[in-house]
Amino acid sequence: MGRYTWDFSVITMNWDPLMAGLSVTLKLTAICAVIGLVGGFVVCQMVMSRLAPLRWLAVGFIELFRCTPALVQIIWIFYCVPYFFGVFYDPFSMAVLALGLNITAFNAEAYRAAIQSIPASHYDACTALGLSPLKKTIYVILPQAVLMAIPVLLTNTIGLLQQTSLVAIVAIADLMYEGKTLATQTYRPIEIYTTVAFIYFALSVPLSQVVGLCERRLRSRLA
């Protein structure tokens, strides 16, 4: 068996499809990240609610999406939601639904941990000022919770970026799907998948550096 000869000219000749796939990946990541940021806080408030039915519903939601593989969630939502509920959306929207629910569950736990770390004196101050529960949540709890949870939220976003590759299994033309298609067409899977891996790496490393920076600044603020 001869020594393998690398040929990255296949990448330059097929750069446009890869970039089109990357555009889909980034769009999917951005939309789901926003859903997770907002939805995670809402679910967190439900978990901490005094109403038992809301708590049970939120805890069940979190455990369901944290304790099952994201790939299974994508496949189930893509195929079973239309069958059981008669809800039909385009594949991209179904992917947004699946990944958005997944990141919402993980972000809810990040918010909950952050909120529980807020000093009790801050709640006492809200009571002394006569703030309503809504104003207390918007002006006191939310800003501090977001600040405390930033490192975990960014880490979850990195995981989300990488999990978007799973939507290739339901034929959404993201970066991984385009890479798989090119690998099949060109018979150069090593070069194609190496490039795809490098692109994911190049996107994730800056985010991981931001996470480290946020953690250091947060520790300095709390010191």
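For the structure, check the block above.
Residues numbered from 1 in each chain as written. Predicted model: local features only at pLDDT ≥ 70, side-chain atom pairs only at ≥ 80, totals over all residues. Heavy atoms only, no water.

1. Looking at the side chain of Gln73
Turning to step 1, where the next piece is worked out: Within the element layout of this structure, Gln73 appears in helix 4 (residues 70-85).
Turning to step 2, where the next piece is worked out: One polar contact links the side chain of Gln73 to the main-chain carbonyl oxygen of Phe65, over a distance of 2.9 Å.
Turning to step 3, where the next piece is worked out: Not counting residues up to four positions away in its chain, the partners in contact with Gln73 are Leu64, Phe65, Thr68, Ala98 and Asn102. (Helix = DSSP H or I, 4+ residues; strand = E, 2+ residues; numbered from the N terminus. Polar contact = N/O pair within 3.5 Å; in protein donor to acceptor, adjacent residues only side chain to side chain. Contact = heavy atoms within 4.5 Å.)

2. Some points on the pattern of salt bridges
Turning to step 1, where the next piece is worked out: This model, assessed by the stated rule, comprises three salt bridges.
Turning to step 2, where the next piece is worked out: Put simply, Glu109 and Arg112 hold a salt bridge, and the shortest N to O gap is 2.9 Å. One end of the pair, Glu109, and the other, Arg112, are both in helix 5 (residues 91-116), three residues apart, so they sit about a helical turn from each other.
Turning to step 3, where the next piece is worked out: Here Glu191 makes a salt bridge to Arg188, at a shortest N to O gap of 2.6 Å.
Turning to step 4, where the next piece is worked out: Exposure remark for Glu191: the relative accessible area of 0% places this residue in the buried category. (Salt bridge = Lys/Arg side-chain N within 4 Å of Asp/Glu carboxyl O. Buried < 20%, exposed > 50% of the residue type's maximum accessible area, 1.4 Å probe, protein only.)

3. Here we look at the state of the cysteines
Turning to step 1, where the next piece is worked out: Tallied over the full model, the rule gives zero disulfides.
Turning to step 2, where the next piece is worked out: Take Cys44: it sits in no disulfide, and the sulfur closest to it among the cysteines is that of Cys126, at 16 Å.
Turning to step 3, where the next piece is worked out: Cys67 forms no disulfide, and the closest cysteine sulfur to it belongs to Cys44, at a distance of 17 Å.
Turning to step 4, where the next piece is worked out: Cys67 sits in the exposed class, given a relative accessible area of 55%. (Disulfide = S-S within 2.5 Å.)

4. Some points on helix 4
Turning to step 1, where the next piece is worked out: Roughly 35° is the biggest bend found in helix 4, and it falls at Ile77.
Turning to step 2, where the next piece is worked out: Within helix 4, burial applies to Ala70, Gln73, Ile74, Ile77, Phe78, Cys80, Val81 and Pro82.
Turning to step 3, where the next piece is worked out: Check the buried side of helix 4 and you find it contacts helix 3 (52-66), helix 5 and helix 7 (133-163).
Turning to step 4, where the next piece is worked out: Downstream of helix 4 by a residue or two, Gly86 has a phi angle that is positive, lying close to 65°. (Bend = angle between axes of the 7 residues up to and from the residue.)

5. Quick look at the packing of helix 3 against helix 5
When two helices pack together, you describe them by how their axes are tilted relative to each other and by the distance separating the axes.
Turning to step 1, where the next piece is worked out: Two elements in contact, helix 3 and helix 5, have axes separated by 9 Å at closest approach and are oriented at 115°. As for the relative orientation of helix 3 and helix 5, their crossing is left-handed in sense. Touching Phe61, Ile62, Phe65 and Arg66 of helix 3 are Leu101, Asn102, Thr104, Ala105, Phe106, Ala108 and Glu109, all from helix 5. (Axes fitted to C-alpha atoms, helices over the stretch in contact; angles between N-to-C directions. Left-handed = near helix turned anticlockwise from the far one by under 90°.)

6. Re the packing of aromatic side chains
Turning to step 1, where the next piece is worked out: Taken as a whole and assessed by the stated rule, the structure comprises six aromatic pairs.
Turning to step 2, where the next piece is worked out: Judged by centre distance (5.4 Å) and plane angle (85°), the ring pair of Phe41 and Tyr111 falls under edge-to-face. Separated by 70 residues along the polypeptide, Phe41 in helix 2 (residues 15-47) and Tyr111 in helix 5 bring together distant segments of the chain.
Turning to step 3, where the next piece is worked out: The buried category is assigned to Phe41, whose relative accessible area is 10%.
Turning to step 4, where the next piece is worked out: Assessed through its relative accessible area of 3%, Tyr111 is described here as buried.
Turning to step 5, where the next piece is worked out: Ring centres of Phe61 and Phe65 lie 4.9 Å apart, and the angle between their planes is 45°; on these two criteria the pair is classed as tilted. (Phe/Tyr/Trp six-rings, centres within 6.5 Å; stacked < 30°, edge-to-face > 60°.)

7. Some remarks on the packing of helix 6 (residues 120-129) against helix 7
Turning to step 1, where the next piece is worked out: The geometry of helix 6 relative to helix 7 is characterised by a closest axis approach of 11 Å and an angle of 165° between their N-to-C directions. Considering their axes alone, helix 6 and helix 7 lie roughly antiparallel with respect to each other. When you trace helix 6 past helix 7, the crossing you get is right-handed. Side by side, helix 6 and helix 7 meet where His122, Tyr123 and Cys126 of the first sit next to Lys136, Val140, Ile141 and Gln144 of the second. (Parallel < 35°, antiparallel > 145°, perpendicular 65-115°, else oblique.)

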